[in-house]
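This is what each chain is made of:
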Amino acid sequence: MEEVTQINGTGISEAEIGAYWLEEDYIYPSEEFVRKAYIQNQPFLNKFKEENFPECFHEYANLLSWDRYWTTTLDSSNPPFWRWFVGGKLNACYNCVDRHLDKYKNKAAIIWVSESVDEPDRILTYQELYVKVNEFASLLLEMGLKAGDTVTFHLPMVPELPISMLACARLGIIHSEVFGGFSGQACGERIADSKSKILITIDGYYRSGKFIDHKANADIAVATAEKLGQKVEKVLIWTRHPGTYSSKTPLVEGRDLLLDDLMKKHRGKRVDYVPMPSESILFLMYTSGSTGKPKGCAHSTGGYLSYVAGTSKFIHDIHPEDVHWCMADIGWITGHSYIVYGPLANAATSVMYEGVPLYPNVNRVWRIAERLGVSILHTAPTAIRMLMRAGSNPTQYKCDFRLLVTVGEPIEPEVWRWYYKVVGKKGAVVLDTWWQTETGGWLCTTIPSVMPMKPGSAGPGALGIYPVIYDELGNEVLPGSGKAGNLCIKNPWPGRMLTIWGDPERLVKQYYEKYCKNRDSKDWRDWPYFSGDAATMAKDGYIRVLGRVDDVINVAGHRLGTKEIESAALTCEEVAEAAVVPKSDELRGHVPDLYVSLKSGYETDNKHLEDKIKQAISSIIGPIARPANVYVVSDMPKTRSGKIMRRILAAISNNREDYGDITTLVNPDVVEEIRNIVRGE
Ligand code: 6R9
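Conventions we followed
- Residues numbered from 1 in each chain as written.
- Predicted model: local features only at pLDDT ≥ 70, side-chain atom pairs only at ≥ 80, totals over all residues.
- Heavy atoms only, no water.
- Pairing = 2+ DSSP bridges.
- Helix = DSSP H or I, 4+ residues; strand = E, 2+ residues; numbered from the N terminus.
- Axes fitted to C-alpha atoms, helices over the stretch in contact; angles between N-to-C directions.
- Parallel < 35°, antiparallel > 145°, perpendicular 65-115°, else oblique.
- Left-handed = near helix turned anticlockwise from the far one by under 90°.
- Contact = heavy atoms within 4.5 Å.
- Nonpolar A, V, L, I, M, F, W, Y, C, P; charged D, E, K, R; others polar.
- Core = buried A, V, L, I, M, F, W, Y, C linked by side-chain atoms within 4.5 Å.
- Buried < 20%, exposed > 50% of the residue type's maximum accessible area, 1.4 Å probe, protein only.
- pLDDT = per-residue confidence, 0-100.

Asks: Pulling in residues and values, what's your account of the sheet that holds strand 22 (residues 485-489)?
Replies: Spatially, 21-22-24-25 is the arrangement adopted by the four strands of the open sheet, whose pairing is antiparallel. Here the strands that pair on one side only, and so sit at the sheet edges, are strand 21 (467-470) and strand 25 (543-548). Strand-to-strand twist of the sheet, defined as the mean angle between neighbouring strand axes without regard to direction, takes the value 50°.

Here is the structure:
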């Protein structure tokens, strides 16, 4: 049995909390945490019971300032294209910046920490953020951009990224940030899909002590977009060291503009914010799915912002006096929701760190946390595993965390315990939050002040969220049965993406077709959301997420499509067929293993080919997609209908014998041959 640090400090009776308190491996929040938390009692949780749906989400929407209140909480006339807070108007930038000026003008909104230990922090107070966002919005207006246009960013972790996001939001311009570590080509494909005429980038940034020439990617991105039919008219370039252009890549005349120069004209300018309809698109975030083409998840202004503001306040429990540090990259959904929009909507102080956790040494994270007085730390199991295994020692530092978040991949109980005991000194609560790019915000997590933690479990549905596990046939897998199934959500919620940009039918196909009970029904109860994850649900409703059931692989918390990697491998002329499978990895959770067969006439015994393929994948997608191993095989294990049996390759990569039945293969002999190649025999 896990040790119990504190009993329930809320004074709520066991009967009220019900089954939550009965299981053996529960760990309870410290009394100190509970005393300070926003949610103090069961009546607040009761507001989110199923019978109060959808009005329960007024608790979230009412945290925002609306220019016009909504008339309809949930318009469900066209499922699954639900619309939230219809009739309402608001502005996301106003809600994250302007409205805090009265009370918090002089408070740090963003504390940016350079990767270099010698470079001073950049601190933007709410007033300074307001000034910079207005100046940049003034420039965007001058460029002729207006509400409803799209703009692509390819920015790393610099303060100009949230400034650019908020300036777009101020004018109703849809921003589409592409993770800075993605290649120029990946960025170009997203520019073309989103139809952006403007790209916002930077000359370079630091990674593990090296200056990365990022502007070089912009040229590739523009060329790629143009090949795909989208002309990029202007490339706006921030500089990593303001005033100095540090890239070796020349500027293209007439197209590339240095923002240092352009911004001079806009100094001191103020721009009115544009009240936007609740269901207008705030941003696009591309993510990988089961096809080769990433999809643009379009998030709404009113629903999304309400959802991230509400979860940040009531579950994340961010108070204005907290210093919140989420170590994710803003190029992913976690950064959008829980570095920028959620914390800033709550007038928090949000820390942004440019670099990697282990640079220049294993204790960098704790030095930063100690120096800034970070009270809430938010990171992924991969980072925790790396710190733990590298011998990082938080106990040497005066860190005083109140709450620790883990997100992005399943966390092993052993890693959870290190986070809880060594990082949190058993005083901080650990929140394991399960959600996805598509969902906008957290879906499964404990409510830390009133529910105990269970190492390795993401907790029950968040406020107003009703998860269910279905088997392949659509039967409910009962809680406590110990059986795994597909994790689904019974009801709509305000944070879910509005649609998939340019391809609304894909929303229906990918997330709803599988379990829709009646396609003609207008009742949301007939439209459960299929997440693509496998999970089990314990008797108490706690969810344990096992991983993806589709062609998505999770590498160090980064989501990659196996089809995207395979397509990149196929650009090498030698490659006839490619199959990617996840291989378990102690640090990164999973890494991609790639199997290729070659076109006739090519030598299988070609040492350079492996490097060539790895290089192709790095430059087409980005270094994170680089396979751990490339195996050149004479043929793929195939069914009679010609399908590659990835399950068999996955078993071989992970050194398991559970191939299942291989007699149905057209070429069963190849299994032994591949196994010998992988084992190096
Ligand atoms: C927020 C984010 C989504 C996929 C998701 C699942 C995995 C996320 C998790 C988790 C276990 C958690 N995932 N949180 N698995 N426990 N707490 O990561 O979004 O990049 O879209 O990835 O990540 O497999 O389906 P995204």
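Read on, since the account is not over.
Asks: Describe in detail the packing of helix 9 (residues 184-194) against helix 10 (residues 215-227), supporting the description with residues and values.
Replies: The description of two packed helices rests on the angle between their axes and on the distance between the axes. Put simply, helix 9 and helix 10 touch, their axes get as near as 7 Å, and they point 45° apart. What the angle tells us is that helix 9 and helix 10 run oblique. Between helix 9 and helix 10 lies a crossing whose hand is right-handed. Within the contact between the two elements, helix 9 uses Gly184, Gln185, Cys187, Gly188, Glu189, Ile191 and Ala192 and helix 10 uses Asn217, Ile220, Ala221, Thr224 and Ala225. A class-by-class count of the residues in the contact of helix 9 with helix 10 yields six nonpolar, five polar and one charged.

Asks: Requested: an account of the nonpolar core, with residues and values cited.
Replies: Counting residues in hydrophobic clusters, the biggest one holds 157 residues, and the most contacted among them are Phe57 and Tyr341. Other than its neighbours up to four places away in sequence, Tyr341 contacts Ala92, Cys96, Met165, Leu166, Ala169, His175, Leu282, Phe283, Tyr304, Leu305, Val308 and His336. One finds Val555, Ile565, Ala569 and Ile620 within the second-largest nonpolar core, a separate group that totals 39 residues.

Asks: Mind laying out the sheet that holds strand 15 (residues 295-300), listing which residues take part and the relevant values?
Replies: Taken in spatial order, the eight strands make up an open sheet running 12-11-8-6-7-14-15-23, and their pairing is mixed. With partners counted over all chains shown, the strands left at the sheet margins are strand 12 (256-258) and strand 23 (499-500), one partner each. Taken together, the two bridges between strand 7 (residues 174-177) and strand 14 (residues 281-287) define a ladder with parallel strand orientation. The residue bridging Ser176 from the neighbouring strand is Leu284, located in strand 14. Lying over the sheet, helix 13 (residues 333-345) contacts strand 7, strand 14 and strand 15, oriented at roughly 145° with respect to strand 14.

Asks: Got a sec to walk through the confidence of the model for the protein? Specific residues and values, please.
Replies: Per-residue pLDDT for the protein averages 93, and the proportion of residues at 70 or more is 96%. When pLDDT is averaged over each helix and strand of the protein, the minimum, 39, is found for helix 1 (residues 14-17) and the maximum, 99, for helix 5 (residues 92-96). Contacts from residues 1-23, a stretch scored under 50 in pLDDT, to residues over four places away or in other chains number 54 contacts. Listed scores for the predicted complex are pTM 0.92 and ipTM 1.00.

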